[in-house]
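As a plain string of letters, each chain reads:
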Amino acid sequence: MSEKHGKSGWPLIELGQGRVEVGHGEHQGVPALIFGSKGNGNIGSATRHGPGEMPDADVLATVTFSNIASVDVVLEQLHKIRARLCD
């Protein structure tokens, strides 16, 4: 988590320090990936909250997925990032 913002002014969520919680749930009935401000300090560990249990006050950002194609696009980009980090 960070107070910094990207060049475009969008919030910058910094993963890999154990301070951000990543979970899944729904937003207005649509499947969602949810980023929260209450990481447990253990990098790569499972989220503390179950689906839909993250308190609204802790939510940094919510990304919704209306179809499988949108999930596949994000997965493809995550695989590219993973490959870069493994180099």
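If you're wondering where the values come from, they're calculated on a predicted model, not measured in any experiment. (Residues numbered from 1 in each chain as written. Predicted model: local features only at pLDDT ≥ 70, side-chain atom pairs only at ≥ 80, totals over all residues. Heavy atoms only, no water.)

Draft legend 1. Quick look at the overall build of the chain. Within the chain, the regular secondary structure consists of one helix and three strands. The order of α-helices and β-strands along the chain, N terminus first, is β-β-β-α. Counting only residues that meet the buried cut, the chain has 17% of its 87 residues in that class. Summed over all atoms, the accessible surface of the chain reaches about 6,600 Å², with 56% contributed by carbon and sulfur. (Helix = DSSP H or I, 4+ residues; strand = E, 2+ residues; numbered from the N terminus. Buried < 20%, exposed > 50% of the residue type's maximum accessible area, 1.4 Å probe, protein only. Areas by Shrake-Rupley, 256 points an atom, 1.4 Å probe, with all protein chains shown as cover.)

Draft legend 2. A nonpolar patch on the surface, seen in detail. Where nonpolar side chains cluster on the molecular surface, the patch consists of Leu 75, Leu 78, Ile 81 and Leu 85 and spans about 410 Å² of accessible area. For Leu 85, the location among the structural elements is in helix H1 (residues 68–86). What makes Leu 85 exposed here is its relative accessible area of 70%. (Patch = residues over 30% accessible without salt bridge, like charges linked within 9 Å, V, L, I, M, F, W, Y side chains within 5 Å. Salt bridge = Lys/Arg side-chain N within 4 Å of Asp/Glu carboxyl O.)

Draft legend 3. Representation of the confidence of the model for the chain within the structure. Counting all residues, the mean pLDDT for the chain is 85, and 87% of those residues have values of 70 or more. For the chain, per-element mean pLDDT is lowest for strand E1 (residues 21–27), which scores 88, and highest for H1, which scores 97. (pLDDT = per-residue confidence, 0-100.)

Draft legend 4. Quick look at unusual backbone geometry. Of note, Gln 28 is a non-glycine position whose phi angle comes to about 50°, a positive value. Looking at the secondary structure, you find Gln 28 in the loop between E1 and strand E2 (30–36). The exposure class of Gln 28 is exposed, given its relative accessible area of 74%.

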